[in-house]
Amino acid sequence: MDNGIGGMSANVPGNADHDALGDYAAYVGTVIGGLYRVDRLIAEGGMATVYLAEDLRHGRMVAVKVLHESLAHSIGVQRFLREIEVVARLQHPHLLTLIDSGTVNELPYFVMPYLESQSLRETIAQRGKLALTDAITITREIADGLAYAHERGVVHRDIKPSNILMSDGHAVVADFGIATAIRKSSGGRITVTGSSLGSPTYMSPEQAAGELDIDVRSDVYSLACVLYEMLTGQPPFDAQSMQQMLTHKLTGGYAKLRARRPELPVALEAVLHRALAPERSERFASVHEFSQAMSAALPVAKGLSKRTQWTLAAAALVMVAGGAAVVQHQRRLVWAQQQIVEIDRLAKRGSFLAAFQLDKQVRPLLPNDSTLNALRPLFTDYLKVITVPVGARVSIRRLAGSDTSWTTVGVTPMDSLWMPKFISEVGYRMRIERDGYETVDVHANLFTDMRWIGGGLPIDTMFLDRKGAPTAGMAHIRGRRLVEGRDTVRVADYHIGKREVSNREYARFVAAGGYEEREYWTEPMVRDGKALTWEQGIAELRDKTGKPGPSTWNNGTFPPGQDDFPVGGVSWFEAAAYARFTGMQLPTSQHWRNAAFRGAREAGWMYTPTSNLNGTGARLTGLGMMSVYGLYDVAGNVREWTVNPADPGRLTQGGSWEDSPFQVGHLIGRPAFDRSPLNGFRVAYITDSASIVARLSTPILRNVNPRDFRNFVAVSDAEFAGFRRMYDYDKRPLEARLEGEGELPDARWQKVSFTAAYNGPRMVALLLYPKTSNGPFEPVILWGASNALTDRRLNPQDGFVELFASFVPRSGRMLVVPLYMGTYERRDSTFGRPRGGVPDSTTGFRDLTVTWIKDLRRTIDFLETRQDVRADRVGFYGVSWGGLVAPLALSMEPRIKAAVLYSAGYASGPNQQARTEVLVANYAPRVRTPTLMLSGIYDAVFAYETSAVPFFDQLGTPSPDKKLIANDGGHALGPDVGKREALAWFDQYLSGRAPAPPRQP
């Protein structure tokens, strides 16, 4: 329900101005303006925070909106209050009345009725495409309210589905004139890029372009967008960026109405497209004229003569400039043809989501274009979505932007649902619904195969749970093989809470006498190594007033207004007792991690930025981005108890609001009696056998926490001198051979082989270089990701190479891809193949590591024999696994003159410790190569603060010749991230070109 708060989301997103819930809840319990006692926070919108309050004078509930502080500072507060006095005089049945206004703590507020209503946004989400008559009726009611206001000189400027309330079946427009009042009171200083003065999806082209002379035709355009969405289930415009959105609006780049809903009248399509004309002069002059045209375009009732029907249809079409429609269509076709080149460019640089969105705009205009069809596999995955039972409706919606409507895309089983490829952009959320079953919300990438970048397998089948089942409201997690030490354990399907247990839920346990029922307390109570009787232990579990309950409660209950905050201040014993009370249990560490993170390297960065970390207190459960499986707050808020013992007590997961992102992956033990406010939990329903549960419930040793390299001390120079000798080899004739060659669209390629530096299979390398030159080329050696250890063959059009490294030959250099021992087709039984290149303490891994470095050095030997290569200007480009081993390569090979490392760091996992003689951290101080490093601050493989930053700091390269660029992403940074910086680095340190001067602000 929107509850009469027009345009406000029910979720409260974190942002730069309101990082802690305390900011939102600042007015709860206070009286604003001496008249309005604030009951609770309702929502957070683009302009204001909204509270439910009691009007003390009239004994009614109202919605009080307090403008954001950042917005209030940009306007003249008193002028704003004067401007909205005009709005207060608007009285119309289809406009939400402004009751009052004023200031609180120097921030403007205004008061509106509180309606138990549903927004049009929610109506569309529930019903999908509305019936034609319903959509027209709603549009006409909105138009009536708009016309009334327009006649009094007020333009809304922010018409969108979430600002339209459906009260008793009728449309009521909210927030009328507020955006206009803000603009006028700011003296023109605020634009749409600086504040939410209109939704980009619905605003007119002139408003999106920042023009100031906005008139009623802007509201005509926005209303047409809303009508289009009611009829099709999706807005006419949906772009990744404001610039793309503006481009689409200025060119009319959207699918025709009847392309999405063919049964609609041709005349209505013409009316709607006129209202959406990019040029305001081509639109209807008023909403009244638009409303009349819609009515004339409706299907004619049966019984009228053919002559009358044709006359009415013609009347609708006369209102549309027919010639203009043809011109507009031709203009869109030209625009669509031009966008194919842009789609190709976006796909090749790895901007899959942007390419996908642009394809959605272009394809309806060019449905059979062969070039467009050939490009689609570059940026599109074809997902298989299967459910048990079948027949579930699958809907998707964009995660970015203001639009929250769902678009139905099919019914299960679905064999090839088109979705954008997933690497470093989260594109879509998916909803799966079937009558009689629980609705499932997940990320669409749950069904994608991420193994090609070292991620997880796709889920094969989603099992739906019947409504009313004991596990209702929980996430259903598919069983899989979980790694347990060096073994794997097959676990069955299980359920886990989507949210942390709340105060409201825990209160039911307390009210039911949970602290008095001994049957829920089955674990022996031990404190500081001393066994306690149950009576002794339970006596310690009291709130601040001595009553049974969490340490954060008072007088047997939680603080006012914190019903849906996570319960905190509970010991492990209390969490376990509550779980038994509900017929559940605490999850094991493995069950928790599998549900929370799935494939952490491709997913962890999604929710960490919106999680409650580095905060000052807990917040409402269910805020921020959910994890792939649909869990909230798996990072931050409260740390969560699990079953497993861990020194000094029991294991907690996920970190708390006080923790930093790098601590989220830590497995932290806490005393079982610890009742810190930071301690909370979620419950699970596990169906595995007792033996499997027991195996996964074993103690977690302290060394499972990621290793912190910030204080690492490398071995002495004398000891390191012995390590160097391992990489020596006797120079033998190369006996180079050309194994194959050919051309790609942007480059030529050769595959060559030559004698290795050891007894074994011949060394192989792939060379890619520009078509437009014969050299000599500066060579850049690629050491790629660990997929090289699993892929069976390297071909010239390898997807990873194309995506992450093709910019090298396009810059005029030669890309050299050595096939290191154990990668691609270079297999040999002499050497084991480590999983994902992960270091271990065996001599076998040590010997294989030495072999890899010899392969690199031997490749440079080969390059020195080529006449088309500048062997005195060798570069190194390490990606993920290649970034990890870079210190070994750079310290052992002085012929490398410059390095770029993408997602690099020390291997810091519990089973990732190499022997001292090949431990990367011992090699970093010996590096002297100029090095550029790009790292994601939410990298789940190389933790930024404890792995990546120490890696960079400990490089022996002089400070002026090394640089670290932090990116707001995870391990798999976008493949286009840092390419410009990488090329500039090679220009400076390989080509000897001076760096470009910094741009002037």
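Residues numbered from 1 in each chain as written. Predicted model: local features only at pLDDT ≥ 70, side-chain atom pairs only at ≥ 80, totals over all residues. Heavy atoms only, no water.

Observations concerning the pattern of salt bridges
The cut-off we apply is this: Should a side-chain nitrogen of Lys or Arg be within 4 Å of a carboxyl oxygen of Asp or Glu, the pair is scored as a salt bridge. For each residue, the accessible area found with a 1.4 Å probe, counting protein chains only, is set against the maximum for its type, and the residue is called buried under 20%, exposed over 50%, and partly exposed in between.
Overall, the coordinates contain 51 salt bridges when judged by the stated rule. With its nearest N and O atoms 3.3 Å apart, the salt bridge here joins arginine 670 to aspartate 674. With a closest N to O distance of 3.6 Å, glutamate 739 and arginine 737 form a salt bridge. Relative accessible area serves as the criterion here: at 45%, glutamate 739 is assigned to the partly exposed category.

Structural notes on the sheet that holds strand 31 (residues 763-770)
Rule in force here: For two strands to be treated as a pair, DSSP must find at least two bridges joining them. Secondary structure elements are defined from DSSP: runs of H or I of at least 4 residues count as helices, runs of E of at least 2 residues count as strands, and each element is numbered from the N terminus. A fitted line through C-alpha atoms serves as each axis, taken over the contacting stretch for helices, and the angle formed by two N-to-C directions is quoted from 0 to 180°. Here a residue-residue contact requires only that any non-hydrogen atoms of the pair lie within 4.5 Å.
Sheet architecture is open: nine strands sit in the order 29-30-31-33-32-34-35-36-37, paired in mixed fashion. The sheet is open, and its two edges are formed by strand 29 (737-743) and strand 37 (962-967), each paired on a single side. Adjacent strand axes in the sheet meet at a mean angle of 20° when their direction is disregarded. Note that strand 34 (residues 874-879) and strand 35 (residues 896-902) share six bridges and pair parallel. Each bridged residue has a counterpart across the sheet, and for glycine 878 the counterpart in strand 35 is leucine 901. Against the sheet, helix 26 (residues 843-863) touches strand 30 (747-754), strand 31, strand 32 (779-783), strand 33 (814-818), strand 34 and strand 35, its axis set at about 160° to strand 32.

Here's the deal with the nonpolar core
Condition: What makes a nonpolar core is a set of buried Ala, Val, Leu, Ile, Met, Phe, Trp, Tyr and Cys residues whose side-chain atoms join them at distances within 4.5 Å.
Phe447, Trp783 and Phe876 are the most contacted members of the largest nonpolar core, which totals 162 residues. Sort the elements by how many residues they give to this core and helix 26 lands first, with nine residues. Apart from residues lying up to four places away in sequence, phenylalanine 447 is in contact with Leu383, Lys384, Val385, Met430, Ile432, Val442, Pro458, Ile459 and Met462. Of all hydrophobic cores here, the second largest spans 50 residues; its members include Ile138, Ala171, Leu257 and Ala297.

Here's the deal with the sheet that holds strand 15 (residues 428-433)
The strands that make up a sheet pair up through hydrogen bonds in the backbone, lying either parallel or antiparallel. Sheet architecture is open: four strands sit in the order 13-12-15-16, paired in antiparallel fashion. The sheet is open, and its two edges are formed by strand 13 (407-411) and strand 16 (440-443), each paired on a single side. Each strand of the sheet is rotated relative to its neighbour by a mean of 25°, with strand direction disregarded. Of the strands in this sheet, strand 12 (393-398) and strand 15 touch helix 15 (residues 352-362), which is tilted by about 65° from strand 15.

What to know about the environment of threonine 123
Using the following cut-off: Pairs of N or O atoms are called polar contacts if they sit within 3.5 Å, as long as, within protein, a hydrogen donor faces a hydrogen acceptor (for residues adjacent in sequence, only side-chain-to-side-chain pairs).
Note on placement: threonine 123 falls in helix 4 (residues 120-127). Once the C-alpha coordinates of threonine 123 and methionine 230 are considered, the two residues, 107 residues apart in sequence, prove to be 9.1 Å apart. Setting aside anything within four residues of it in sequence, one finds threonine 123 in contact with Gln118, Gly128 and Met166. Only 3.0 Å separates the side chain of threonine 123 from the side chain of glutamine 118, close enough to count as a polar contact.

Let's talk about the packing of helix 5 (residues 132-151) against helix 12 (residues 287-297)
As a reminder, the rule being used: Angular relationships are summarised with four words: roughly parallel below 35 degrees, roughly antiparallel beyond 145, roughly perpendicular across 65 to 115, and oblique for the angles in between. In this scheme, a crossing is called left-handed if the near helix is turned counterclockwise away from the far one by less than a right angle; it is called right-handed if the turn is clockwise.
Look at helix 5 against helix 12: their axes get within 8 Å of each other, and the N-to-C directions meet at 160°. By the angle between their directions, the pair helix 5 and helix 12 is classed as roughly antiparallel. Along this stretch, helix 5 crosses helix 12, giving a crossing that reads as left-handed. Judged by residue contacts, Ile136, Thr139, Arg140, Ala143, Leu146, Ala147 and His150 of helix 5 engage Val287, Ser291, Met294 and Ser295 from helix 12.

Things to note about the packing of helix 8 (residues 216-232) against helix 12
Two quantities define a packed helix pair, namely the angle between the helix axes and the distance between the axes. Helix 12 packs onto helix 8 with a crossing angle of 35° between their chain directions and a minimal axis gap of 10 Å. Here the hand of the crossing between helix 8 and helix 12 comes out right-handed. Here Val220, Leu223, Ala224 and Leu227 of helix 8 come into contact with helix 12, specifically with Val287, Phe290 and Met294.

Some thoughts on the packing of aromatic side chains
Applicable threshold: Classification of ring pairs rests on two measures: the distance between centres of Phe, Tyr or Trp rings, Trp counted by its six-membered ring, which must be within 6.5 Å, and the angle between planes, read as stacked under 30 degrees, edge-to-face over 60 and tilted in between. Whether a charge sits over a ring comes down to the Lys NZ or Arg CZ being within 6 Å of the ring centre and within 35 degrees of the ring normal.
Applying the stated criterion across every chain yields a total of 39 aromatic pairs. Geometrically, the ring pair formed by tyrosine 506 and tyrosine 578 is stacked, given 5.5 Å between the ring centres and 25° between the ring planes. Note that tyrosine 506 is positioned in helix 17 (residues 503-511) and tyrosine 578 in helix 19 (residues 572-581), a separation of 72 residues in sequence. Residue class for tyrosine 506 comes out buried when judged on its relative accessible area of 0%. On the basis of an interplanar angle of 20° and a centroid distance of 3.9 Å, the ring pair of tryptophan 783 and tyrosine 820 is categorised as stacked. Here tryptophan 783, found in strand 32, pairs with tyrosine 820, found in the loop between strand 33 and helix 26; they are 37 residues apart in sequence, far enough to count as distant. The exposure classification of tryptophan 783 matches that of tyrosine 820, with both residues buried. Here the aromatic cluster, defined as three or more aromatic residues joined through ring pairs, consists of Tyr506, Phe509, Tyr515, Tyr520, Trp521, Trp553, Phe558, Tyr578, Phe581 and Phe681. Above the plane of the ring of phenylalanine 720 lies arginine 926, whose end atom (NZ or CZ) is 4.5 Å from the centre. It is lysine 962 that lies over the ring of phenylalanine 952; its NZ or CZ is 5.0 Å from the centre.

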